[in-house]
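So the chains spell out like this:
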Amino acid sequence: MSELSRQRSADPAAVEMLNLAEKEQLETIWDRLEKQQPQCGYGQLGTCCRLCTMGPCRIDPMGEEPTHGVCGASADTIVARNLARMIAVGSSSHSDHGRSAALLLKAVASGENTDYRITDVEKLQAVATRLEVTTENRSYPEIASDIADIALSCFGKQDDTPMPFTEKYLLPKRYQLFKDIEEQLFKTTGKKMGILPRGIDREIVDILHRTHFGTDADPLSLMVQGIRSSIADGWGGSLIATELQDILYGTPTVNTAKANLGVLDAEWVNIIVHGHEPSLSEKVVEMALSEEMQQAARKLGAKGINIVGLCCTGNEMLMRQGVDMAGNVLHSELAIMTGAVEAMVVDVQCIYPSLANLSNCFHTKFITTSEQATIPEALHIQFEDEHADEIARRIVNTAIAAYPERDQGKVYIPNITSSAIAGFSVEEILKTLGGSVAPLIDVIAKGTIKGVVGIVGCNNVKVKQDLYHQELTKKLIERDILVIGTGCWAIGAAKAGLMNLDAQSLAGEGLKAVCQQLGIPPVLNMGSCVDCSRMLVLAGALAAHLDVDICDLPLVGSAPEWMTEKAVAIGTYFVSSGIPTHLWPAPPILGSPEVTKILTEDIKGLLGGYFFIEEGPQAAAQRMEEIILEKRAALGI
Ligand code: CUV
Ligand code: SF4
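Below you will find a few notes about this structure. Predicted, not measured: the structure shown is a model, and the values here were computed from it. (Residues numbered from 1 in each chain as written. Chains lettered and ligands numbered in written order. Predicted model: local features only at pLDDT ≥ 70, side-chain atom pairs only at ≥ 80, totals over all residues. Heavy atoms only, no water.)

Inspection of the secondary structure puts alanine 101 in helix 5 (residues 75-110). Judged by relative accessible area, which is 6%, alanine 101 ranks as buried. Each C-alpha atom of the pair alanine 101 and serine 91 lies 15 Å from the other, and the pair is 10 residues apart in sequence. Leaving out residues up to four positions away in the same chain, alanine 101 has contacts with Ala241, Leu244, Gln245 and Leu248. (Helix = DSSP H or I, 4+ residues; strand = E, 2+ residues; numbered from the N terminus. Buried < 20%, exposed > 50% of the residue type's maximum accessible area, 1.4 Å probe, protein only. Contact = heavy atoms within 4.5 Å.)

Turning to the sheet that holds strand 14 (residues 555-559), a few remarks are in order. Pairing is parallel in the open sheet, where six strands are placed in the order 13-12-11-14-15-16. Taken across any chain shown, the strands that pair with only one partner, and hence form the sheet edges, are strand 13 (523-525) and strand 16 (611-613). Averaged over all adjacent pairs, the angle separating strand axes in this sheet is 25°, with direction ignored. Where strand 14 and strand 15 (residues 581-583) come together, three bridges link them in parallel fashion. Residue pairing in the sheet places alanine 559 in a bridge with leucine 583 of strand 15. (Pairing = 2+ DSSP bridges. Axes fitted to C-alpha atoms, helices over the stretch in contact; angles between N-to-C directions.)

Note on metal geometry: ideal angles are 109.5 degrees for four donors arranged tetrahedrally and 90 or 180 degrees for six donors arranged octahedrally. Coordination of the nickel atom of ligand 1 by the protein involves His276 (NE2), Cys312 (SG) and Cys529 (SG), with metal-donor separations of 2.2 to 2.5 Å. Sequence positions of the donors to the nickel atom of ligand 1 reduce to the motif H-x35-C-x216-C. Linking histidine 276 in the loop between strand 4 (269-274) and helix 12 (278-288) with cysteine 312 in helix 14 (residues 311-321), this pair joins segments that are 36 residues apart in sequence. The same class applies to histidine 276 and to cysteine 312, which are both buried. (Donors = N, O, S within 2.8 Å, 3.2 Å for Na, K, Ca; no water.)

Moving on to a negative patch on the surface. A cluster of like negative charges, contributed by Glu112, Glu371, Glu384 and Glu386, occupies part of the molecular surface. Within the fold, glutamate 371 resides in the loop between strand 8 (365-368) and strand 9 (379-380). (Patch = residues over 30% accessible without salt bridge, like charges linked within 9 Å, V, L, I, M, F, W, Y side chains within 5 Å. Areas by Shrake-Rupley, 256 points an atom, 1.4 Å probe, with all protein chains shown as cover. Salt bridge = Lys/Arg side-chain N within 4 Å of Asp/Glu carboxyl O. Lys, Arg positive; Asp, Glu negative; His and termini not counted. Charge placed at Lys NZ, Arg CZ, Asp CG, Glu CD.)

Residues Met54, Val70 and Phe213 make up a contiguous nonpolar surface patch of roughly 280 Å² in combined accessible area. Structurally, valine 70 is set in the loop between strand 2 (57-58) and helix 5.

Turning our attention to helix 19 (residues 438-446). What helix 19 keeps buried is the set Leu440, Ile441, Val443 and Ile444. Take helix 19 and look down its axis: the buried residues cluster within an arc of 165°, on one side only. With its phi angle positive at about 90°, glycine 447 sits one or two positions after the end of helix 19. (Arc of directions from axis to C-beta.)

Printed below as a string of structure tokens:
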């Protein structure tokens, strides 16, 4: 075993593949990180600006010259503008995904699209109730059409009233707090700053506008607009994605699957779906599992078609269909290197451009499908919702046709998987609890469970893969803290065996007893990145039951291996919702004392949530427990 490989990943399957990559001289993302060293210090601190062609400008972090950009922008302005833009990009990715779900639901409701259908009428009713859409004497498509209209209005409406999803889903206490803060900010600064989002597109465009050359230079108002955009995402775009996808594809229920590269099978046609939007992968899975396609694969000598997931599309498929999981984002190159993948089918987000060229070293068809995410050297098969069945069939056929080209001599699949329970939607958690949050609140009040930490986010090649995810998760459950979460964290936890019933033995006595009684693992997979909205809804339900605000609850958020701008948006809406949130690596803000202070201190007094940075899992777990104990003491429990 190469020492280098072991430094790069905590996952034994990844280590095996990294050894193979080294032997075969296949370049990986880890190699490219090395070639980038040393990385730019200004960029890491957030103090470089490329907003106009008088720059690029940079600010000396030690207070030496240059202290200002050519236009006079300070480090605080530059950092705040850059961060606001990160939030805008993150919000737009989640929310554009939500828009697709809304447009699809509309098309299904009107009968224009017959490839999809309304699957979960119970959820349809629940969402209708929440949005105050009349259901009496109305058909499902009529109700769905109204829901889709309300969702679409959240994107495009132009008046200054708060957008409907946020208004209807947000805890009333939080809603009022946001209104009060808007007033308070105006009183203390004389400047108009808004927190309640008017519209998703509007808040994002607002950031693009105010960060244009020579516009907003005030770190505070830039951050407040960042907060507003993040709320438009968490209590808007992401929430719309989750809720409407549940209606279209079914609300997740508890199921068991396998996770890690060992889910690939040398004797089968292997298809990996990767990306974020389930509209494509739902159809690819459906087609791949059809008898017609399985037979076609068998005709070519394979045992059948084995379809597995990766990243958040993988989570969507795992949560709703129990599809096995090949890995998180750092596994995407490694999966192709097994030589056993006939096709990797991708939609949007978190797809390394390197995958196209790497696939060309194998027989693997790397298939892009979205008009928003095409990659040179990839095979593009344009996906369209209105011809979903036909296109999915074409994709699966392309994968089958690649099977005879596979070089069996090149196949190497690490024989490693873990069994993982998934499917913990809020609805499913409530069902497990007997229909109400009361029993959960009960065990928290008694101290059997001290609190809940929600972990999200990615793998980052700068952090040893999965190590932080695993260690932090273990240290928290040891302390009787329930861990829930989403995204590539969830996959890391699944691969490490933290999401099966055996993991109960790793939990502290209290948490263990609760999990044994409920028959659940101590670590719960709540889905993909957009499903972070499920955590907000759960937090809101807990707070509502106790008649307190979310910031009063013993809840903490964390993104320990984050890399994307989406994670910045998620972290910001967690904080805005009142949840103290841990980040590692540090975001590019440390070059601005002002922005750092706003986000780690000042914001606490306003919103109850705040960011904190901890480098190691031990220190992070310690700090999280302290926060939880502090909140418990304040609640008098
Ligand atoms: Ni959306 S954002 S890497 S956690 S999918 Fe994984 Fe998933 Fe990307 Fe980060
Ligand atoms: Fe430099 Fe100002 Fe232009 Fe940014 S906006 S590049 S700080 S001159």
